[in-house]
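Here is how the chains run, residue by residue.
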Amino acid sequence: MRRSGPGTATSTAVILTNARGQYLLHLRDAHKPICDPGTWSLIGGAPEGAETLDEAIARELREEAGLVLPGLTPFTTVRAEGPQVTEGHIHVYTGRWDGDADRLPVGEGIMFRWFDVATMAQLTMCPWAYEAILTHHRQASVAAPAPAAVPQQRSGAVRNVIGAHLYLERDGRTLLGLRHPEVAYAAEHWHALAGHVEYESVRSALVREAAEEAGLLLRPEDLRLVHTVHVLDRAAAEPRVQLFFRATAWSGEPEVREPDRCIRWEWWPLDGLPEPMVPYTRTAIDGIRAGRAYSELGWP
């Protein structure tokens, strides 16, 4: 990566961070004649017509991810080199966004995910984007004040994220999926079929997720709430309410429908659950087997 002045820039990109210190990355198409195909990179692109750089990055955010973020700050200008590179000098901005990457509409490329810098060392990264992020991370680390002690209790209303989870049991075994090595949360851990609840009922969310992730057909009336785990992850921005539903009936056999998230489904004996496993999922299964309706994890 070579740095240059903003006046020489012919394209844009933006480094977005969240409250957890993670960076939003965009997985580029692997089999198209584009620069840096198949790599994790930053949202961005070249100006169109008479657009300024500021106007171009705002448009690219809308088109690629459906985001409108005021207050983007110029950070640096870098030079990209290599096959299919047409942008040359790229003016990089910084901004803040604390949303769920899984819910972003994907206007271009494959997907969006949050990653910390340590995990990026294991990814196939766009070289100039990776160097820009490392520079930003070093500067942010130097500028950051010493962390304050985390209070044991907080007051006031806060948003709790709701997760819908499927508990299937067959012949003394339960269905779990092995998460992809490059997912932002619980990489290479076994986990229940699950997803965030969008603008829908929880059971409707689970019916949708089961079809999308594993090709399983469920009916809302066949889902019964069997366990709730209220989770406080100190590294997360929000507490989470994880709802586990047992399906009394379903159609189909589990198959990998979203290989970027789950690479294998397997039926595990209840007395021999795998490792590593998402902790709150193990807590929920233990609670279901014991007949408990509710558990807490991570709270003081």
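Residues numbered from 1 in each chain as written. Predicted model: local features only at pLDDT ≥ 70, side-chain atom pairs only at ≥ 80, totals over all residues. Heavy atoms only, no water.

J.: Even after reading the chapter, I still don't get the pattern of salt bridges, so can you show me in this structure?
T.: Side chains bearing opposite charge may pair, as long as their charged atoms lie close to each other. Across all of its chains, the model carries 23 salt bridges by this definition. Arginine 59 is the salt-bridge partner of glutamate 60, the closest N and O atoms lying 3.2 Å from each other. Glutamate 60 gets classed as buried once you look at its relative accessible area, which sits at 6%. Because the salt bridges share partners, they merge into one network encompassing Glu48, Glu51, Arg59, Glu60 and Glu63. (Salt bridge = Lys/Arg side-chain N within 4 Å of Asp/Glu carboxyl O. Buried < 20%, exposed > 50% of the residue type's maximum accessible area, 1.4 Å probe, protein only.)

J.: Would you take a moment to explain the packing of aromatic side chains for this structure?
T.: In this description, a pair of aromatic rings is defined by centroid distance and the angle of the planes. For the structure on display, the rule yields five aromatic pairs. On the numbers, 4.9 Å between centres and 75° between planes, the contact of tryptophan 40 with phenylalanine 115 is edge-to-face. One end of the pair, tryptophan 40, is in strand β4 (residues 40-41); the other, phenylalanine 115, is in strand β8 (residues 111-115), with 75 residues separating them in the sequence. Owing to a relative accessible area of 2%, tryptophan 40 belongs among the buried residues under this scheme. Look at tryptophan 190 and tryptophan 268: their rings are 5.1 Å apart centre to centre, the planes differ by 75°, and that puts the pair in the edge-to-face class. Taken as a pair, tryptophan 190 in strand β12 (residues 190-191) and tryptophan 268 in strand β16 (residues 262-269) lie far apart in primary sequence, 78 residues in all. Assigned by exposure class, tryptophan 190 and tryptophan 268 land together as buried. Geometry around tryptophan 267 places arginine 170 over its ring, the cationic atom sitting 4.2 Å from the centre. (Phe/Tyr/Trp six-rings, centres within 6.5 Å; stacked < 30°, edge-to-face > 60°. Helix = DSSP H or I, 4+ residues; strand = E, 2+ residues; numbered from the N terminus. Lys NZ or Arg CZ within 6 Å of the ring centre and 35° of its normal.)

J.: I would appreciate a short explanation of the sheet that holds strand β13 (residues 193-196) in the present structure.
T.: Whenever strands of a sheet pair, they do so through backbone hydrogen bonds, lying parallel or antiparallel. Read across the open sheet, the five strands follow the order β13-β9-β15-β14-β17; overall the sheet is mixed. Two strands bound the open sheet, and with one partner strand each, they are β13 and β17 (294-297). Averaged over neighbouring strand pairs, the angle between their axes works out to 25° when direction is ignored. On the sheet, helix α4 (residues 202-214) packs against β9 (161-167), β13, β14 (223-231) and β15 (240-247) and is oriented at approximately 120° with respect to β13. Contacts between helix α5 (residues 279-290) and the sheet are confined to β9, β14, β15 and β17, with β14 contributing the most and set at about 130° to the helix. (Pairing = 2+ DSSP bridges. Axes fitted to C-alpha atoms, helices over the stretch in contact; angles between N-to-C directions. Contact = heavy atoms within 4.5 Å.)

J.: Explain the nonpolar core here, please?
T.: For soluble globular proteins, the rule of thumb is that nonpolar side chains tend to be buried together. Formed by 23 residues in total, the largest nonpolar core has its most connected members in Leu25, Trp40, Leu42, Met120, Trp128 and Ile133. Broken down by secondary-structure element, the contributors of at least two residues to this core are β2 (11-17), β3 (23-27), β7 (89-96), β8, α2 (117-120) and α3 (127-143). Sort the elements by how many residues they give to this core and α3 lands first, with five residues. Once you skip the residues sitting within four places of it in the chain, isoleucine 133 turns out to touch Ile15, Tyr23, Leu25, Leu42, Val117, Met120 and Met125. Counting residues in each nonpolar core, the second largest holds 21 residues, with Ala164, Leu206, Val207 and Leu216 among its members. (Core = buried A, V, L, I, M, F, W, Y, C linked by side-chain atoms within 4.5 Å.)

J.: When you look at the side chain of serine 11 in this model, what are you seeing that I'm missing?
T.: With respect to the helices and strands, serine 11 occurs in strand β2. Here alanine 46 takes part through its backbone nitrogen, which lies 3.3 Å from a polar atom of the side chain of serine 11. (Polar contact = N/O pair within 3.5 Å; in protein donor to acceptor, adjacent residues only side chain to side chain.)

J.: So what exactly am I meant to see when it comes to unusual backbone geometry here?
T.: The general pattern is negative phi for most residues beyond glycine and trans for most peptide bonds. In this model, glutamate 275 is joined to proline 276 through a cis peptide bond whose omega is -10°. By the secondary structure assignment, proline 276 is in the loop between β16 and α5. Despite not being glycine, aspartate 171 has its phi angle at roughly 55°, a positive value.

J.: When you look at the environment of aspartate 54 in this model, what are you seeing that I'm missing?
T.: As for its position among the elements, aspartate 54 is in helix α1 (residues 53-65). For aspartate 54, a relative accessible area of 49% corresponds to the partly exposed category. Distance in space between the C-alpha atoms of aspartate 54 and histidine 91 is 9.5 Å, their sequence separation being 37 residues. For aspartate 54, the side chain forms a polar contact with the side chain of tyrosine 93, separated by 2.5 Å.

J.: Help me understand the confidence of the model for the protein, please; the structure alone is not making it clear to me.
T.: Reading fine detail from the predicted coordinates is not recommended where pLDDT is low. When pLDDT is averaged along the protein, the result is 87; 88% of the residues meet or exceed 70. Across residues 1-7, where pLDDT falls below 50, the model places 20 contacts with residues more than four positions away in sequence or in other chains. Below pLDDT 50 for its whole length, residues 147-152 participates in four contacts with residues either more than four positions away or in separate chains. (pLDDT = per-residue confidence, 0-100.)

J.: What is the right way to look at α1 in this model?
T.: In an α-helix, one full turn covers 3.6 residues, which means residues spaced three or four apart are oriented alike. If you check α1, its first and last C-alpha atoms are 18 Å apart, about what 13 residues at 1.5 Å a residue would give, namely 18 Å. Those residues of α1 that fall on the buried side of the exposure criterion are Leu53, Ala56, Ile57, Arg59, Glu60, Leu61, Glu64 and Ala65. Just downstream of α1 lies glycine 66, where phi reads positive at about 70°. (Expected span 1.5 Å × (residues − 1).)

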